[in-house]
Amino acid sequence: MRKCVELAKQAIGCTSPNPMVGFIIVKDGKIVGQGLHPKAGQPHAEVINW
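The structure presented is a predicted model; accordingly, all values stated were derived computationally and were not measured.

Draft legend 1. Structural view of the pairing of strand β1 (residues 22–27). Bridging between β1 and strand β2 (residues 30–36) involves 6 bridges; their strand directions are antiparallel. Within the sheet, the bridge partner assigned to isoleucine 25 lies in β2 and is glycine 33.

Rendered as C-alpha cells:
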C-alpha cells in the first residue's frame, strides 16, 4: 500500500477533479504491474502499466 501511495504522490496537483491514484498488481509474490493516474483527462491508473 505504501508503494501505491508513493506512485500516486507523483501526480500531486495534476489530477483534479479526479483523485490521485497509484496501483500495483502482484502475482505469486512478484510485482507484475504498476502505475498511476498522471493527469486529469488522461486514462485512469488501471490502464497505465509501467
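Draft legend 2. Structural detail: unusual backbone geometry. Residues serine 16 and proline 17 are joined by a peptide bond in cis, for which omega reads 10 degrees. Take proline 17: it is sitting in the loop between α1 (2–9) and β1. One non-glycine residue, aspartate 28, lies in positive phi territory at about 55 degrees. For aspartate 28, a relative accessible area of 75% gives the class exposed.

Criteria and cut-off values
Residues numbered from 1 in each chain as written. Predicted model: local features only at pLDDT ≥ 70, side-chain atom pairs only at ≥ 80, totals over all residues. Heavy atoms only, no water. Pairing = 2+ DSSP bridges. Helix = DSSP H or I, 4+ residues; strand = E, 2+ residues; numbered from the N terminus. Buried < 20%, exposed > 50% of the residue type's maximum accessible area, 1.4 Å probe, protein only.

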